[in-house]
Structure formats: C-alpha cells, structure tokens
Amino acid sequence: MIVISNSFVVDNEIKILHSLFDEGLSLLHIRKPDFSELEMAQFIHQIKLEFHDNLVLHSHHHLAKDFGINRLHFSEKERKRLNDFPERFLKPCRSKSTSTHSIEDFNSLENFDYAFLSPVFKSISKENYYPEKDLFEKIKSRKNQQTKMVALGGIDSENIQKILEKGFDDTALLGTIWKNKNPLKQFKLCQKIALMYSQSQV
C-alpha cells in the first residue's frame, strides 16, 4: 500500500509519517509541488534515515542521491515532455513510477515499475475531481502486464477491497489519510482490509 503526502504542510506531519512507517507503510510518495529545493531538502532531512529507502520523490529529483533515495516518480506531463530526452529515465534508481488517467496511456507505458491510474472514485482531496469513465470497465482491456497498476482517487476503507477485487494490483491513499482526524487509525484500517483480501487469495 502506498501513501501520498499532502500537497500542503500538515501539523505534526513528520511524526505522523514515522508512525505510518512503523505500522508497515511500504512506500511514501513525497508530492509537494510548491516546495522549493531548500524546503524539500529540509522536509526529507526530518525523516529518519532508516525510512529513506521507502521514499519516492515527485520533484527535485536531483536531491535523491544526496539523501539515499532511489525511487523517482514522473508526472504525466513530465513523462510526455521528456519523451525526447529518454536519458532522464535511465538514471540509476531502484524504481520509476508515473501517473496515468486512461487505460490507453497505461497500456503504452514502457520502463516503469508501476503507475497510478486515476481517478477511480470521486476524489477526497480535490474538489470536483471525479472519474469521467468507469475505470473498472476500462481496465478489462489492460494489455500492459509489466507495469504494476495502482488505483488512486477516492479510496478509503469502504471501497478498498472492491478495487483489489476488480483487478488493480495495489492502492494509493491520499485524501482518506490527510482529511481524517486520525490518519494512523485510518491507514491501519485500510491496511487490514487489504491484507485480509490478499491472504484470502492465497
């Protein structure tokens, strides 16, 4: 399960993140689009070194080496803009991820370990952001099996099992964590449901 940071600064954010990691969070996507390079460096510096291997950078990729981070995320716009500069994608790192908003885009991906496909449901964190098409129907035409498909958008404890049942490989949580009065409790609930589902498939 993946958690994406809130775009804005959150009270006790680092403390919450450490608690999530302690409870088994596998990957944290650091998405702070308005952060300067200095602000990003200061933010990462506050996260315990033992968790740096679980961090994924959305911006200021050049900081990754300084902090021992080897996971990079490329936005949809960045991915398309860099098609003429593929060497950017050849930088040594453990994994590369990206964002997509249609099954057609997802099917066309190459050299990405996983990709977000969104929005699956009406967004919790963004107003008036909802699916224009039924992604559960669309993913039936999935052809790309090399890239892990991660559901994003409106995911909470009420629908996370449905997402896994319908064929997504993993889920990413954002609004359900940061809009909740108790982010850790909500994470643990979603994690428990996802884990129970995966165990039932063995």
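Residues numbered from 1 in each chain as written. Predicted model: local features only at pLDDT ≥ 70, side-chain atom pairs only at ≥ 80, totals over all residues. Heavy atoms only, no water.

(A) Broad picture of the overall build of the protein. Within the protein, the secondary structure is distributed over 8 helices and 8 strands. Computed over C-alpha atoms, the radius of gyration of the protein comes to 16 Å, within 12% of the 17 Å expected from 2.2 N^0.38 for 202 residues, which places it in the range of a compact globule. In terms of principal-axis extent, the alpha carbons of the protein reach across some 45 × 45 × 35 Å. With 202 residues in all, the protein has 50% of them scored as buried. Put simply, of all contacts in the protein between residues at least 6 apart along the chain, 58% involve residues at least 24 apart. Of the roughly 11,300 Å² that the protein leaves accessible, carbon and sulfur atoms contribute 48%. A gap of 2 Å separates the mean positions of the 29 positive and 27 negative side-chain charges of the protein. (Helix = DSSP H or I, 4+ residues; strand = E, 2+ residues; numbered from the N terminus. Rg over C-alpha atoms; globule rule 2.2 N^0.38 Å. Buried < 20%, exposed > 50% of the residue type's maximum accessible area, 1.4 Å probe, protein only. Contact = heavy atoms within 4.5 Å. Areas by Shrake-Rupley, 256 points an atom, 1.4 Å probe, with all protein chains shown as cover. Lys, Arg positive; Asp, Glu negative; His and termini not counted. Charge placed at Lys NZ, Arg CZ, Asp CG, Glu CD.)

(B) Region of the structure containing the pattern of salt bridges. If you walk through the whole model with that rule in mind, you get 7 salt bridges. In this structure, Glu13 engages Lys32 in a salt bridge whose closest nitrogen and oxygen atoms are separated by 2.8 Å. Residue Glu13 is found in helix H1 (residues 13-22), and its partner Lys32 is found in the loop between strand S2 (27-30) and helix H2 (37-46); the two are separated by 19 residues along the sequence. Judged by its relative accessible area of 0%, Lys32 is buried. A salt bridge links Lys80 to Glu76; the nearest nitrogen and oxygen atoms lie 3.8 Å apart. On the criterion of helical spacing, the pair formed by Lys80 and Glu76 is a turn pair, its members being 4 residues apart in helix H3 (residues 76-81). (Salt bridge = Lys/Arg side-chain N within 4 Å of Asp/Glu carboxyl O.)

(C) Here's a closer look at unusual backbone geometry. Following Ser118, the chain continues into Pro119 via a peptide bond in cis, with omega recorded as -5°. Inspection of the secondary structure assignment puts Pro119 in the loop between strand S6 (114-117) and helix H5 (135-138). In this model, Asn12 sits at a positive phi of 60°, which is unusual for a non-glycine residue. With respect to the helices, strands and loops of the structure, Asn12 is situated in the loop between strand S1 (2-4) and H1. Despite not being glycine, His60 shows a phi value in the positive range, around 50°. Its location among the elements puts His60 in the loop between strand S3 (55-57) and strand S4 (71-74).

(D) Examining the pairing of S2 more closely. Burial along S2 is two-sided: the residues Leu27 and His29 and Leu28 and Ile30 are all buried. Pairing of S1 with S2, which is carried by 3 bridges, proceeds in the parallel orientation. Opposite Val3, over in S2, you have Leu28 as the bridge partner. Pairing geometry for S2 and S3, over 3 bridges, is parallel. The residue bridging Ile30 from the neighbouring strand is Leu57, located in S3. A crossover links S2 with its parallel partner S3, the connecting element being H2, and its sense is right-handed. (Pairing = 2+ DSSP bridges. Right-handed = clockwise from strand over helix to strand, strands pointing away.)

(E) Examining the packing of H1 against helix H8 (residues 183-200) more closely. At a minimum axis separation of 10 Å, H1 and H8 run at an interaxial angle of 25°. In this view, H1 runs roughly parallel relative to H8, as classed from their interaxial angle. Crossing of H1 against H8: the hand is right-handed. From H1, Ile16, Ser19 and Leu20 reach across to H8, where they touch Pro183, Leu184 and Phe187. Residue composition of the contact of H1 with H8, grouped by class: 5 nonpolar, 1 polar and no charged. (Axes fitted to C-alpha atoms, helices over the stretch in contact; angles between N-to-C directions. Parallel < 35°, antiparallel > 145°, perpendicular 65-115°, else oblique. Left-handed = near helix turned anticlockwise from the far one by under 90°. Nonpolar A, V, L, I, M, F, W, Y, C, P; charged D, E, K, R; others polar.)

(F) The arrangement of the packing of aromatic side chains in detail. Enumeration according to the criterion identifies 6 aromatic pairs in this entry. A ring pair is formed by Phe74 and Phe112, whose centres lie 6.3 Å apart and whose planes are at 75°; its orientation type is edge-to-face. With a gap of 38 residues between them, Phe74 in strand S4 and Phe112 in the loop between helix H4 (103-107) and S6 connect regions that are remote in the sequence. Phe74 sits in the buried class, given a relative accessible area of 0%. What makes Phe112 buried here is its relative accessible area of 8%. (Phe/Tyr/Trp six-rings, centres within 6.5 Å; stacked < 30°, edge-to-face > 60°.)

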